[in-house]
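# Notes for the structure review
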Amino acid sequence: MATPLKVCVTGAAGQIAYSLLYQIGHGDVFGKEQPLILTLLDITPMMNALHGVVMELHDCAMTLVKEIVPTDSEEEAFRDIDVAFLVGSMPRREGMLRKDLLTANAKIFRSQGLSLDKFAKKTVKVVVVGNPANTNAMICSHFAPSIPKENFTALTRLDHNRAKAQIATRIGVRSDAVKNVVIWGNHSSTQFPDVSHATVEVEGKTLPVYEAVKDDAWIEGDFITTVQGRGAAVLKARKLSSAMSASKAVCDHVRDWWFGAPQDEWVSMAVMSDGSYGMPEGVVYSFPVRVSADCKWAIVKDLPISDFAREKMEKTAKELEEEKKTALEFLASNSS
Ligand SMILES: NC(=O)c1ccc[n+]([C@@H]2O[C@H](COP(=O)([O-])OP(=O)(O)OC[C@H]3O[C@@H](n4cnc5c(N)ncnc54)[C@H](O)[C@@H]3O)[C@@H](O)[C@H]2O)c1
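This is a predicted model, so every value here is computed, not measured.

Conventions adopted
- For every chain, the first residue of the written sequence is number 1, and numbering continues from 1 onward in sequence order.
- With the structure being a predicted model, the display of local features is reserved for residues of pLDDT at least 70 and the display and counting of side-chain atom pairs for 80 or more, all residues being used for whole-chain, interface and lining totals.
- Excluded from the side-chain calculations are hydrogens and water; all other atoms, namely the structure's heavy atoms, are used.
- Note that the domain bounds reflect an automated or database-derived domain assignment.
- In what follows, a contact means two residues having at least one pair of non-hydrogen atoms within 4.5 Å.
- Accessible area that two parts lose when put together, evaluated with a 1.4 Å probe and summed over both, is termed the buried area.
- Put simply, a salt bridge is a Lys or Arg side-chain nitrogen that is within 4 Å of an Asp or Glu carboxyl oxygen.
- Polar contacts here mean pairs of N or O atoms no more than 3.5 Å apart (in protein, one a potential hydrogen donor and the other a potential acceptor; neighbouring residues in sequence count only if both atoms are side-chain atoms).
- Under the scheme used here, helices are H or I runs from DSSP no shorter than 4 residues and strands are E runs no shorter than 2 residues, and both carry numbers assigned from the N terminus.
- The nonpolar class holds Ala, Val, Leu, Ile, Met, Phe, Trp, Tyr, Cys and Pro. Asp, Glu, Lys and Arg form the charged class, and all remaining residues, Gly among them, are polar.
- For two strands to pair, DSSP has to find at least two bridges joining them.
- Fitted lines through C-alpha atoms give the axes, limited to the stretch in contact for helices. The angle between two N-to-C directions lies from 0 to 180 degrees.
- We call a residue buried when its accessible area falls under 20% of the maximum for its residue type, exposed when it is over 50%, and partly exposed in between, using a 1.4 Å probe and counting protein chains only.
- Here a residue counts as near a molecule or strand whenever at least one of its heavy atoms sits within 4 Å of it.

A word on the domain arrangement of the chain. Considered domain by domain, the chain is made up of domain 1 (5-154) and domain 2 (157-321). Between domain 1 and domain 2, the C-alpha centre-to-centre distance is 24 Å. Contacts between the two partners involve 29 residues from domain 1 and, on the opposite side, 32 residues from domain 2. Between domain 1 and domain 2, the buried area comes to about 2400 Å², and carbon and sulfur atoms account for 66% of it. A per-residue breakdown of the area domain 1 buries against domain 2 is headed by Gln15, Lys125 and Asn134, which together make up 25% of the total. Seen at the junction of domain 1 and domain 2, the total is zero salt bridges. Across the contact surface, domain 1 and domain 2 share nine residue pairs in polar contact (both at pLDDT 80 or more). When contributions to the side of domain 1 that touches domain 2 are tallied by element, the ones reaching two or more residues are helix H1 (15-25), strand S4 (83-86), strand S5 (125-128), helix H5 (133-142) and strand S6 (152-154). Class assignment for the residues of the side of domain 1 that touches domain 2 results in 14 nonpolar, ten polar and five charged.

Bringing the sheet that holds strand S13 (residues 284-291) into the picture now. Paired through backbone hydrogen bonds, the strands of a sheet run either parallel or antiparallel to each other. A sheet is described by the order of its strands in space; here nine strands give the open sequence S3-S2-S1-S4-S5-S6-S12-S13-S14, paired in mixed fashion. This sheet does not close on itself; its edge strands, each paired only once, are strand S3 (65-71) and strand S14 (297-299). Across this sheet, the average inter-strand angle for adjacent strands is 30°, counted without regard to direction. Two strands pair when backbone bridges link them, and S5 and S6 are joined in this way by three bridges, in the parallel orientation.

Time to look at unusual backbone geometry. Excluding glycine, residues mostly have negative phi values, and the peptide bonds linking residues are mostly trans. A cis amide bond, omega -10°, links asparagine 131 with the succeeding residue proline 132. If you trace the backbone, proline 132 turns up in the loop between S5 and H5. Even without being glycine, alanine 61 reaches a positive phi, approximately 50°. Its place among the elements puts alanine 61 in the loop between helix H2 (47-59) and S3. Accessibility expressed as a relative area gives 62% for alanine 61, which makes it exposed. Even without being glycine, tyrosine 277 reaches a positive phi, approximately 60°. Within the secondary structure, tyrosine 277 sits in the loop between strand S12 (267-272) and S13. Of the residues examined, tyrosine 277 reaches a relative accessible area of 12% and is grouped as buried.

The immediate surroundings of the ligand are formed by 23 residues, with Gln15, Ile16, Asp42, Ser89 and Asn131 found nearest. Contact distances for the ligand include 2.6 Å between an oxygen atom and a side-chain N or O atom of serine 89. Here an oxygen atom of the ligand sits 3.3 Å away from a polar atom, N or O, in the side chain of histidine 187. Counting residues per element, the ones that place at least two in the shell around the ligand are H1 and helix H4 (98-119). Partitioning the shell around the ligand into residue classes produces eleven nonpolar, eleven polar and one charged. Formed jointly, the shell around the ligand draws a minimum of three residues from each of two domains, domain 1 (5-154) and domain 2 (157-321).

If you want it as C-alpha cells, here you go:
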C-alpha cells in the first residue's frame, strides 16, 4: 500500500467538517487506494465535541484512515502535512460588522500561515473554506512565504456547482451536461457567475448556454442574483449555513486539483491573481482554471469579455482590494 498522506482539516468539530471528514476518509478525494493520516484542528473549548467526531470516525471503520490526531495545537496539526483543508474560522455573530469579521479572521489566518510556513511540507496544498475565504487565503499565503503562492487556493467551487445546477434545472438536463461556467472574483455577494462561455449538451447536441436557455434577461438578472444570494437563502431556511453542499464542493475542488480535471472542461478556483483579465495582482480572485494531472492549475487565458461582464468582474475585484487593505492594515497595527 502507498505511504499515507498526511491531511489536516481545521474547524474539525464544525458542521462542514462533519460531512467532509467522512468523504475524505471514504476515498472520495484522494482515491480508494490512498491511506491517510488525519490531523483535526479546532479551538480548545471544542475539544470535547471533537473527541465525539473522532469516535464517530473510528466507528465508520474506514480502511483508508490509519491514524486520527485531534488537537488544538497548530504545530501538531500542521507538522509535515501534505494537504490542509482550512475550514475553521470565526463565525459572523449578530451585530458584527463586516470589518470586525475580516480582522478577527485575519488574525487566525496570519497565525495559521506562520505555522504552515514553519511546520508543513513545502509542497503542502492549501484550500481555504472559512470566510472571508479569498482574503483569508491571501493572508495565509502572505505569512507563509516559503510555500509557493500557487499552493494556496480558496473555495468558489460551491458557487460554480450552484451555477451549473441552476442552468441544468432551467433547461431540464443533468448538471454534468453543463460545462465551463465561470465564477469570477470573491466568494461573496459581489461574485460574478458568468455563463457567456458555457455550453450545454441537449439531446446529443452541444449548444451555447445562452442559445439553449433563450432568455438573456433571466441569465443576466435572476440567475446571477440567485447564485450570488444562494448562501444567504440556505442560511435563512436552515438557520445554519450550507454544509452538505459546501463539503461536496470542497471534495470536488481538491480531487480535481489532486488528479486533474477533464481537459475539455475548466473549473472555478480562487487563486493568487497574476493580473489576468486586468484584475489586480496579489488578491485571491476566482478565475476559470484548467488543472493537469500533475496537480498544476493554470488560469484559462484570452476569453472574450463583454462590457457587461467587465463591469461585474471589476466590482468584485474592488471588494477584494478593499478587504486586503483592511486586513493588512489591521495586522500591521496588531502584531500579536
Ligand atoms: N467558501 C465557501 O464556499 C463556503 C461555503 C460554506 C461555508 N463557508 C464557511 O466555512 C466556515 C465553516 O463553516 P461551518 O458551517 O463548518 O462552521 P461551524 O461554525 O459549524 O464550524 C467552524 C469550526 O471552526 C472552529 N474554529 C474557529 N476558530 C478556529 C481556529 N482558529 N482554528 C481551528 N478551528 C477554529 C470552530 O470552533 C468550529 O468548530 C465558515 O466560515 C463558513 O462561512 C464557506
